[in-house]
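Residue strings, one per chain:
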Amino acid sequence: MSVTDKIAARLPRVMDRGERPPVVAAVRLHGVITPQSSPVARNTISLQNVESAINRAFDNERLIAVALLINSPGGAPTQSALIAERIRELATKKHVPVLAFCEDVAASGGYWLACAGDEIYAHGTSLVGSIGVVSAGFGLNGLLDKAGVERRVYTAGENKVRLDPFQREKPEDVEWLKGLHADLHEQFKAWVTERRGAKLQTGEDLFSGEVWTGSRAQQLGLVDGIGTIRSVITKRFPDAELTIVEPRKPLLAKLGLAGASTRSGDLVAQVLASVEERARWSRFGL
């Protein structure tokens, strides 16, 4: 045996390209769904901050499936729809199945994301559903009255300041908001029906905004099975290598400093956003 052969024999065997294991790429979608991020908030989800991770997941040459790891109490409907549409677009282009896994919560917009999967799995204790629409705000007109402050707003267009938190609530504005909610709710229901189809069980109002455990959600057809990503992927794709793809964060964002500002207006907005985010999680005991 030549010296070259002896050295080669001692080196780790490099697998031929054809022998390399197939890949299941998992994308983490964790946090409140919002177009705006805050340095005082936990993880947030938007198309802008998760699209690169989604693209990387679908770009693997050995890809046989994509998994979505979802832990979200919901949020902005438009961002939910944009992310789901991007996932479906790439799944169709790459001809690979998408499996969604509900962790602690996949509610409202979080369930909208889950429906981007061809199959949905949950833990028995997961909280799933909340197929509805909600918006919330603050009425601060009383605060201005107590402070003796008069707010002046000038508009061209009688509906430019609907539901202004510094003005008294008007019944006609509330009716307008209800109509907006109804429209969004119909779009949400249409998406769930399109994606879940005949799997959905009849006899219970699945679109009432109710939340169910993963076990009950399976009975209702909202999820396909009970299981974790490890258990399901190991069974479905025993030879596959599981890789986790997470959205990239700038260094300052990792330190919680991105976008920090000393301006009082920005600080108030950040605090309110943090309170709203905390309220979304707290609805589910988290």
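Keep in mind that what you see is a predicted model, and the values were worked out from it rather than measured. (Residues numbered from 1 in each chain as written. Predicted model: local features only at pLDDT ≥ 70, side-chain atom pairs only at ≥ 80, totals over all residues. Heavy atoms only, no water.)

J.: What is the right way to look at the overall build of the protein in this model?
T.: Secondary structure assignment for the protein yields 10 helices and 10 strands. Out of the 286 residues belonging to the protein, those deemed buried represent 37%. Of all intrachain contacts in the protein linking residues separated by at least 6 positions in sequence, the fraction that spans at least 24 positions is 72%. Working note: accessible area of the protein is about 16,900 Å², and carbon and sulfur atoms make up 53% of it. (Helix = DSSP H or I, 4+ residues; strand = E, 2+ residues; numbered from the N terminus. Buried < 20%, exposed > 50% of the residue type's maximum accessible area, 1.4 Å probe, protein only. Contact = heavy atoms within 4.5 Å. Areas by Shrake-Rupley, 256 points an atom, 1.4 Å probe, with all protein chains shown as cover.)

J.: Looking at this structure, I do not really get the pairing of strand β4 (residues 63-72). What am I missing?
T.: Consecutive residues of a regular strand have side chains that alternate between opposite faces of the sheet. Most of β4 sits inside the fold, with 9 of its 10 residues counted as buried. Note that β4 and strand β5 (residues 98-107) share 6 bridges and pair parallel. Looking at the pairing, S72 lines up with A106 of β5. (Pairing = 2+ DSSP bridges.)

J.: Quick question: what am I supposed to make of the nonpolar core here?
T.: Note that soluble globular proteins tend to have their nonpolar side chains buried in a common cluster. In terms of nonpolar packing, the biggest core is built from 48 residues, with L29, F58, L68, I87, Y111 and L222 touching the most fellow members. Residue contacts for L68: discarding those within four places in its chain leaves V27, L29, I87, V98, L99, A100, F101, L113 and A116. Counting 12 residues, the second largest nonpolar core, distinct from the first, contains A65, A67, Y121 and I233. (Core = buried A, V, L, I, M, F, W, Y, C linked by side-chain atoms within 4.5 Å.)

J.: What exactly am I supposed to notice about the pattern of salt bridges here?
T.: Oppositely charged side chains can pair when the atoms bearing their charge come close. By the definition in use, this model includes 13 salt bridges. Two residues, R88 and D118, come together in a salt bridge whose shortest N-O distance is 3.2 Å. Note that R88 is positioned in helix α3 (residues 77-94) and D118 in the loop between α4 (109-114) and β6 (119-122), a separation of 30 residues in sequence. (Salt bridge = Lys/Arg side-chain N within 4 Å of Asp/Glu carboxyl O.)

J.: Can you help me understand helix α6 (residues 171-196) in this one?
T.: Relative to the 38 Å expected for 26 residues at 1.5 Å per residue, α6 spans 37 Å between its end C-alpha atoms, a close match to the ideal helical length. Looking only at α6, the buried set comprises D173, H181, H185, F188, W191, V192 and R196. The secondary structure elements touched by the buried residues of α6 are α3, α4 and β6. (Expected span 1.5 Å × (residues − 1).)

J.: In this structure, what is going on with unusual backbone geometry? I would like to understand it.
T.: A negative phi angle characterises most non-glycine residues, just as the trans form characterises most peptide bonds. Located in the positive-phi region is H95, a residue other than glycine, with phi close to 60°. Of note, the phi angle at S130 is positive, near 55°, even though the residue is not glycine. Summarising the element assignment, S130 is placed in the loop between β7 (127-129) and α5 (141-147).

J.: Can you help me understand the packing of aromatic side chains in this one?
T.: Pairs of aromatic rings are described using the distance from one ring centre to the other and the angle between the two planes. Enumeration over the complete set of coordinates arrives at 3 aromatic pairs. Aromatic pair F101 and Y121: ring centres 5.5 Å apart, planes at 20°, arrangement stacked. Within this pair, whereas F101 is found in strand β5, its partner Y121 is found in strand β6, the two being separated by 20 residues in sequence. Considered together, F101 and Y121 belong to a single accessibility category, that of buried residues. (Phe/Tyr/Trp six-rings, centres within 6.5 Å; stacked < 30°, edge-to-face > 60°.)

J.: Even after reading the chapter, I still don't get the environment of T44, so can you show me in this structure?
T.: Turning to its location among the elements, T44 is positioned in strand β3 (residues 44-45). Distance in space between the C-alpha atoms of T44 and S72 is 8.9 Å, their sequence separation being 28 residues.

J.: Looking at this structure, how should I read the side chain of T34?
T.: By secondary structure assignment, the location of T34 is in the loop between β2 (32-33) and β3. Aside from chain neighbours lying at most four places away, what touches T34 is T44, I45, S46, A76 and Q79.

J.: I'm lost on the side chain of R86 in this one. Help?
T.: If you trace the backbone, R86 turns up in helix α3. The buried category is assigned to R86, whose relative accessible area is 19%. For R86, the contacting residues outside a window of four places in its chain are L47, E51 and N55.

J.: What should I look at first to understand a nonpolar patch on the surface in this one?
T.: A cluster of nonpolar side chains, namely L163, W176 and L180, defines an oily patch on the protein surface of about 250 Å² accessible area. As for its placement among the helices and strands, L180 is situated in helix α6. (Patch = residues over 30% accessible without salt bridge, like charges linked within 9 Å, V, L, I, M, F, W, Y side chains within 5 Å.)

J.: Help me understand the pairing of β6 in this model?
T.: With 4 bridges joining them, β5 and β6 adopt parallel strand pairing. By the bridge assignment for β6, A100 is matched with I120. The sheet contact formed by β6 and strand β9 (residues 225-226) spans 2 bridges and is parallel. Within β9, the residue paired with Y121 across the bridge is G225.

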